[in-house]
Amino acid sequence: MKKNLILLIAFFILFNIVSAQKNQTEKDSLTKKIKKSDTEIQNPKKNIKPETWGNRGKIFIDAYSVNFKYLAEGINADIIPFLGISESNPKPFYGKPLKTYVEGDFTIWEYECIKIYIDKDGLVSHWEETEISFPGALGKAYEAYTKAIELNVGKKYITKNSTVNEIK
């Protein structure tokens, strides 16, 4: 019984690793949040609140980084297949690459929407998006934060640590 349970758990984990980087659910969630934000900025009562625009900026920052979420230059490539696993979500974000090949000094791990370049030391050097999920998201985030700062009459919103960190 114990062996069967361990085998079942191992199969479940391996299946999730192989089927990862299908971040379509996250893209769908962001699309819904963007639509909700669009309706909020059409509402005259919410349109004048800096928080509404700040939330919109955060949504577009998340949309901008949806394909390279969890990545950072210099991390060990061995942990990429396991990034995103948590107690609440056992499915990894990247999982096993669709294709792996060597080009110049780099080993390239190719996923559905991104290519990750790994140097000879096994560290992430950089990445390149092959499909941009939300074009113009960074510009829209900038516009939203600019509008939030403009509406911030008492400077209360802009001086909060959370706001400063978001804008950074």
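Note that the structure is a prediction, hence the values are computed from the model and not measured. (Residues numbered from 1 in each chain as written. Predicted model: local features only at pLDDT ≥ 70, side-chain atom pairs only at ≥ 80, totals over all residues. Heavy atoms only, no water.)

Quick word on the overall build of the protein
No. 1: Helices and strands together make up the secondary structure of the protein, namely six helices and four strands.
No. 2: Within the span of the protein, comprising 168 residues, buried residues form 34% of the whole.
No. 3: Intrachain contacts of the protein at a sequence separation of at least 6 include 54% that bridge at least 24 residues.
No. 4: When the accessible surface of the protein is summed, it comes to about 11100 Å², and 59% of that surface belongs to carbon and sulfur atoms. (Helix = DSSP H or I, 4+ residues; strand = E, 2+ residues; numbered from the N terminus. Buried < 20%, exposed > 50% of the residue type's maximum accessible area, 1.4 Å probe, protein only. Contact = heavy atoms within 4.5 Å. Areas by Shrake-Rupley, 256 points an atom, 1.4 Å probe, with all protein chains shown as cover.)

Quick word on the packing of helix 2 (residues 24-42) against helix 4 (residues 50-64)
No. 1: Relative orientation of the contacting elements helix 2 and helix 4 amounts to 155°, with a least axis distance of 10 Å. Comparing their axes, helix 4 and helix 2 come out roughly antiparallel. Relative to helix 4, the crossing made by helix 2 is left-handed. Taken together, the residues of helix 4 that come into contact with helix 2 (itself represented by Leu30, Lys33, Ile34, Ser37, Asp38, Glu40 and Ile41) are Thr52, Trp53, Arg56, Ile59, Phe60, Asp62 and Ala63.
No. 2: Its residues assigned to classes, the contact of helix 2 with helix 4 comprises seven nonpolar, two polar and five charged. (Axes fitted to C-alpha atoms, helices over the stretch in contact; angles between N-to-C directions. Parallel < 35°, antiparallel > 145°, perpendicular 65-115°, else oblique. Left-handed = near helix turned anticlockwise from the far one by under 90°. Nonpolar A, V, L, I, M, F, W, Y, C, P; charged D, E, K, R; others polar.)

Section: the pairing of strand 4 (residues 124-129)
No. 1: Pairing between strand 3 (residues 114-118) and strand 4: five bridges, direction antiparallel. Across the sheet, the residue bridging to Lys115 is Glu128, located in strand 4. (Pairing = 2+ DSSP bridges.)

A few points about the packing of aromatic side chains
No. 1: Under the counting rule described, the total for this entry stands at six aromatic pairs.
No. 2: Ring geometry for Tyr64 against Phe68: centres 5.6 Å apart, planes inclined by 85°, an arrangement best described as edge-to-face.
No. 3: Members of the aromatic cluster, joined through ring pairs, are Tyr70, Phe93, Tyr94 and Tyr111. (Phe/Tyr/Trp six-rings, centres within 6.5 Å; stacked < 30°, edge-to-face > 60°.)

Side note on the nonpolar core
Where a protein is soluble and globular, its nonpolar side chains tend to be buried together.
No. 1: Among the nonpolar cores identified, the biggest contains 14 residues, and Leu71, Ile80, Tyr94, Trp109, Tyr111, Ile114 and Ile116 are the most heavily contacted of them.
No. 2: The dominant element in this core, judged by the number of residues it contributes, is strand 3, at three residues.
No. 3: In this structure Leu71 touches Ile80, Leu83, Tyr94, Ile114, Ile116 and Trp127, once residues within four positions along its chain are discounted.
No. 4: Listed in part, the nine residues of the second largest apolar core include Ile34, Phe60, Val66 and Phe134. (Core = buried A, V, L, I, M, F, W, Y, C linked by side-chain atoms within 4.5 Å.)

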